[in-house]
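# Fold and contact review
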Amino acid sequence: ADSPARNYGDCVRAVHVIGTSIENYSSDHGGNCPKTLDELTPKYLPVLPRCPNAPEHNYGYSKNKKGFRVFCQGIQHVGPSTNRPEYNSREGMKL
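Right, let's walk through the structure included here.

Cut-off values and rules
- Each chain has its residues counted from 1, following the order in which its sequence is written.
- Owing to the predicted nature of the model, reporting of local features is limited to residues with pLDDT of at least 70; listing and counting of side-chain atom pairs is limited to 80 or more, with chain, interface and lining totals taken over all residues.
- As a rule here, side-chain values come from all non-hydrogen atoms in the structure, and water together with hydrogens is ignored.
- In this analysis, strands are considered paired if DSSP registers two or more bridges between them.
- In this text, helices come from DSSP runs of H or I with a minimum length of four residues, and strands from runs of E with a minimum of two, each type numbered from the N-terminal end.
- Only the stretch in contact is used when a helix axis is fitted, and all axes are lines through C-alpha atoms; the angle between N-to-C directions ranges over 0 to 180 degrees.
- Throughout this description, the term salt bridge denotes a Lys or Arg side-chain nitrogen within 4 Å of a carboxyl oxygen of Asp or Glu.
- Burial classification: accessible surface area is computed with a 1.4 Å probe over protein chains only, and a residue below 20% of its type maximum counts as buried, one above 50% as exposed, and the rest as partly exposed.
- Under the pairing criterion, centres of Phe, Tyr and Trp rings, with the six-membered ring standing for Trp, must be within 6.5 Å; the plane angle then separates stacked pairs below 30 degrees from edge-to-face pairs above 60, leaving the rest tilted.
- Counting as a charge over the ring demands two things of the Lys NZ or Arg CZ atom: a distance within 6 Å of the ring centre and an angle within 35 degrees of the ring normal.

### Side note on the sheet that holds strand E1 (residues 60–64)
Here we have four strands laid out as an open sheet, ordered E1-E2-E3-E4, and antiparallel in their pairing. Pairing within the sheet leaves two strands with one partner each, and these edge strands are E1 and strand E4 (92–94). Recorded for the sheet is a direction-independent mean angle of 15 degrees between the axes of neighbouring strands. Pairing geometry for strand E3 (residues 86–88) and E4, over three bridges, is antiparallel. Note on E4: the bridge partner recorded for asparagine 88 is glycine 92.

Structure (structure tokens):
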């Protein structure tokens, strides 16, 4: 079985890929973010990834006029105290 630490790293990479895909989408759509993550497939992502530690959870996504936020909804990680990697349009990747 994969270690929780490795899975946390895989989750961080997935959140980063989703975040940069949202930025690419936004660049192609006049600064507008997608309404849902499903709009990223297949042009920006072949499939939406799932957290390796919490495959029953989709990644969370929210947006407003100031930008967007994508984050892991799983709580099974071994890692920083926030336990949920996040990517947002103002700060990029947050661990």
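### A few points about the pattern of salt bridges
Enumeration over the complete set of coordinates arrives at four salt bridges. A salt bridge links arginine 13 to aspartate 10; the nearest nitrogen and oxygen atoms lie 2.5 Å apart. Of this pair, arginine 13 and aspartate 10 both sit in helix H1 (residues 4–28), separated by three residues, roughly a single helical turn. Arginine 69 is paired through a salt bridge with glutamate 86; the nearest N and O atoms lie 3.1 Å apart. Pair noted here: arginine 69 is in strand E2 (residues 67–71) and glutamate 86 is in strand E3, with a separation of 17 residues, a long-range link. On the accessibility criterion, arginine 69 (33% relative accessible area) is partly exposed.

### Structural notes on the packing of aromatic side chains
Within the structure shown, the criterion is met by two aromatic pairs. Here phenylalanine 68 and tyrosine 87 contribute two aromatic rings whose centre-to-centre distance is 6.1 Å and whose plane-to-plane angle is 10 degrees, an arrangement assigned as stacked. On the criterion of sequence distance, the pair formed by phenylalanine 68 in strand E2 and tyrosine 87 in strand E3 is long-range, its members being 19 residues apart. Over the ring of phenylalanine 71 we find arginine 69, and its NZ or CZ is 4.0 Å from the ring centre.

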